[in-house]
Amino acid sequence: MIRCLHITLALFTLLLLSACASKAPDRKTLAAAGNAAAPTPFEQLTFKAEGKTVFEDHGKFIMLEGSKCMQRDNAMEPAVITQWLEMPGYVDSGTVVLNGWDLRYLKQDREVNSLRAEITRSKLVKNTGSTFLVFEAQGKLEDQNRNDAFEFCVFFTAFGYRSVEVDAVIDEDYAGMEAAMLQDKKQGAVATLENSGHKGTVRRYDALAIIPRGFDFQFADSFECEWRWSPCKWSDRVDYPLLQMAYNLSQTSATPNQSGSPNWATQTIFKDNDIRTHRIKTRAALIHGRSIKVRADFLALNPRSGKADTCRKSVDGVVRTQTIQIDELPFDYAIPMLTGWDLTHECEQQRLQRAGIWIHDIRFDPRSHRLEYKVSSILRDQDGAPSFNSAHRVTVLGLNRLSSSAQQRAPRFQLKLRD
């Protein structure tokens, strides 16, 4: 009896200690002393992330990368990931780039109604003795019924700098700039969203770059009755197998127009074997200043239709990774931004189990001005066969210090790819 009493007391003590250990730490006030505004509910969330430092020029610039995943039991609500990245105290400007995403059903493959991956909030928060870059990412993978468990992973690259060293201003950083449209099937498979910032946003002598923040694709809501045990409802939405999905953000110029407003366009593809009416939403932010430089790549979006002539059904769809190296960049600091991608099933439309593309393992050597990164991609159904094709586009955002002579060097680019 005494032994049982001791065991019960020990278990109670262990549970009490566990509860204390899991108790959330006291929240610190995020608003700086003085006239600083009170923190918003978004800023008060305390989920600290460990970003890996890619490169740091102490006292001037830092770049970090990382990823985070979240699972949900169903798609009634998006998966929401809130992350805090601790920055050095000298950082007084900074932002985050959506540099990849990975969405998958946890149990089996499904037809698709919508896919979403975006960074919806971003803000640099400074307090006495601490600096954080906080951002919120949302992802969603839906079929007709929204009742399947899924996982969303976000891949990000964050950077911060001291503004007296780098002349760059980040606009529309908190919520980004949205663009949305309905692409009717009669308009074709390739949708084009044209964007213009507010008049006078950018100084005429500034250069500018568009920062990708995400996308949301959805086949248009219309009734579809599929055979199943439960009866159909008028609210049932369409879902289809997936053949191809693509995204390509490109700015018309690195300089603003005469009115001082930025201009850029985003092209997208979201289809099965046929062309369907669908909704598109994109999100982006803007950085501009005398220190801004841009090195753009090229990606042409070509819509696929029907079954391909060649089909390697024996090849499994597994994560595919390449290493890419860019030499002799005339920048003091270089940030790769995933501004375009194209994922296509090799043979024909398939039910979807997993889709994603992301860049990672970024390396920057300031002495040789060499940038290296890896890009991984996946598109597959449940059995992984047939395989898939993928392509991507990276825009290099260059930052030069105000005192740097790098701006005077003539750009010479060499691109190397290694499997």
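Please refer to the structure placed before this passage.
An account of the accompanying structure is given in this report. This is a predicted model, so every value here is computed, not measured. (Residues numbered from 1 in each chain as written. Predicted model: local features only at pLDDT ≥ 70, side-chain atom pairs only at ≥ 80, totals over all residues. Heavy atoms only, no water.)

**Let's talk about the state of the cysteines**
So, point 1. For the structure shown, the criterion picks out one disulfide.
So, point 2. The partner cysteine of Cys-69 in its disulfide is Cys-153, sulfur to sulfur 2.0 Å. Taking the sign of the torsion about the S-S bond as the criterion, the disulfide between Cys-69 and Cys-153, at about 110°, is right-handed. Of this pair, Cys-69 sits in strand β3 (residues 61-72) while Cys-153 is found in strand β8 (residues 150-161), placing the two residues 84 residues apart along the sequence. (Disulfide = S-S within 2.5 Å. Helix = DSSP H or I, 4+ residues; strand = E, 2+ residues; numbered from the N terminus.)

**Quick notes on the pairing of strand β13 (residues 244-251)**
So, point 1. Buried residues dominate β13, accounting for seven of its eight residues.
So, point 2. In the sheet, β13 pairs with strand β14 (residues 263-271) via eight bridges, with the strands oriented antiparallel. Bridging from a neighbouring strand, Gln-244 pairs with Lys-271 of β14.
So, point 3. Taken together, the five bridges between β13 and strand β18 (residues 333-345) define a ladder with antiparallel strand orientation. When the bridges of β18 are listed, Ala-246 appears paired with Asp-342. (Buried < 20%, exposed > 50% of the residue type's maximum accessible area, 1.4 Å probe, protein only. Pairing = 2+ DSSP bridges.)

**Observations regarding the environment of Arg-304**
So, point 1. In this fold, Arg-304 is placed in the loop between β16 (292-295) and β17 (320-327).
So, point 2. For the pair Arg-304 and Leu-243, spaced 61 residues apart in sequence, the C-alpha separation works out to 7.7 Å.
So, point 3. Sequence-distant contacts of Arg-304, defined by excluding residues within four places in its chain, comprise Leu-243, Gln-244, Lys-271, Thr-344, His-345, Glu-346, Cys-347 and Glu-348.
So, point 4. Looking at Arg-304, its side chain comes within polar contact range of the main-chain oxygen of His-345, at 3.0 Å. (Contact = heavy atoms within 4.5 Å. Polar contact = N/O pair within 3.5 Å; in protein donor to acceptor, adjacent residues only side chain to side chain.)

**Here we look at the sheet that holds β14**
So, point 1. Read from one edge to the other, the open sheet built from six strands follows the order β11-β14-β13-β18-β21-β16, with strand pairing classed as antiparallel. At either margin of the open sheet sits one strand with a lone partner, and together these are β11 (191-196) and β16. For this sheet the average axis-to-axis angle between neighbouring strands, irrespective of direction, equals 20°. (Axes fitted to C-alpha atoms, helices over the stretch in contact; angles between N-to-C directions.)

**Side note on the packing of aromatic side chains**
So, point 1. Taken as a whole, this structure holds 19 aromatic pairs when the rule is applied.
So, point 2. Ring centres 4.3 Å apart and planes at 5° place the aromatic pair Phe-61 and Tyr-333 in the stacked group. Here Phe-61, found in strand β3, pairs with Tyr-333, found in strand β18; they are 272 residues apart in sequence, far enough to count as distant. You'll find Phe-61 and Tyr-333 in the same group, each marked buried.
So, point 3. Ring pairing ties together the aromatic residues Trp-101, Phe-215, Phe-217, Phe-219, Tyr-240, Tyr-247, Phe-270 and Trp-341, which thus form one cluster. (Phe/Tyr/Trp six-rings, centres within 6.5 Å; stacked < 30°, edge-to-face > 60°.)

**Regarding the nonpolar core**
So, point 1. If you look at the biggest cluster of nonpolar residues, it comprises 95 residues, and the most contacted ones within it are Trp-101, Phe-152, Phe-159, Met-245, Ile-287, Trp-341 and Leu-399.
So, point 2. At nine residues, β8 tops the list of elements feeding residues into this core. (Core = buried A, V, L, I, M, F, W, Y, C linked by side-chain atoms within 4.5 Å.)

**Some thoughts on the pairing of β18**
Sheet faces and side chains relate simply in a regular strand, where the side chains alternate between the two faces.
So, point 1. When you tally the buried positions in β18, you get 13 out of 13 residues, the bulk of the element.
So, point 2. Examined bridge by bridge, β18 and strand β21 (residues 388-399) share 12 bridges and lie antiparallel to one another. Note that in β21 the partner of Trp-341 across the bridge is His-392.

**What about the side chain of Gln-244?**
So, point 1. Along the polypeptide, Gln-244 turns up in strand β13.
So, point 2. Gln-244 sits in the buried class, given a relative accessible area of 0%.
So, point 3. Here Asn-302 takes part through its backbone oxygen, which lies 3.1 Å from a polar atom of the side chain of Gln-244.
So, point 4. Not counting residues up to four positions away in its chain, the partners in contact with Gln-244 are Ile-269, Phe-270, Lys-271, Asn-302, Pro-303, Arg-304, Asp-342, Leu-343 and Thr-344.

**Brief notes about the pattern of salt bridges**
So, point 1. Enumeration over the complete set of coordinates arrives at 22 salt bridges.
So, point 2. For the salt bridge of Asp-143 with Arg-110, the shortest nitrogen-to-oxygen distance reads 3.9 Å. Of the two residues, Asp-143 is situated in the loop between β7 (130-142) and β8 and Arg-110 in the loop between β5 (93-105) and β6 (114-127); the sequence distance between them amounts to 33 residues.
So, point 3. Each member of the salt-bridge network shares a partner with another, and the members are Arg-116, Glu-118, Glu-178, Lys-281 and Arg-283. (Salt bridge = Lys/Arg side-chain N within 4 Å of Asp/Glu carboxyl O.)

**What to know about unusual backbone geometry**
So, point 1. Its identity is not glycine, yet Glu-172 carries a phi of approximately 55°, on the positive side.
So, point 2. Tracing the backbone through its elements, the reader meets Glu-172 in the loop between β9 (169-171) and β10 (177-183).
So, point 3. Overall, the relative accessible area of 36% leaves Glu-172 in the partly exposed class.
So, point 4. You will see that His-369, though not glycine, has its phi angle at about 55°, which is positive.
So, point 5. Structurally, His-369 is set in the loop between β19 (354-365) and β20 (370-380).

**Things to note about the environment of Leu-106**
So, point 1. By the secondary structure assignment, Leu-106 is in the loop between β5 and β6.
So, point 2. Separated by 35 residues in the primary sequence, Leu-106 and Gln-71 place their C-alpha atoms 8.5 Å from one another.

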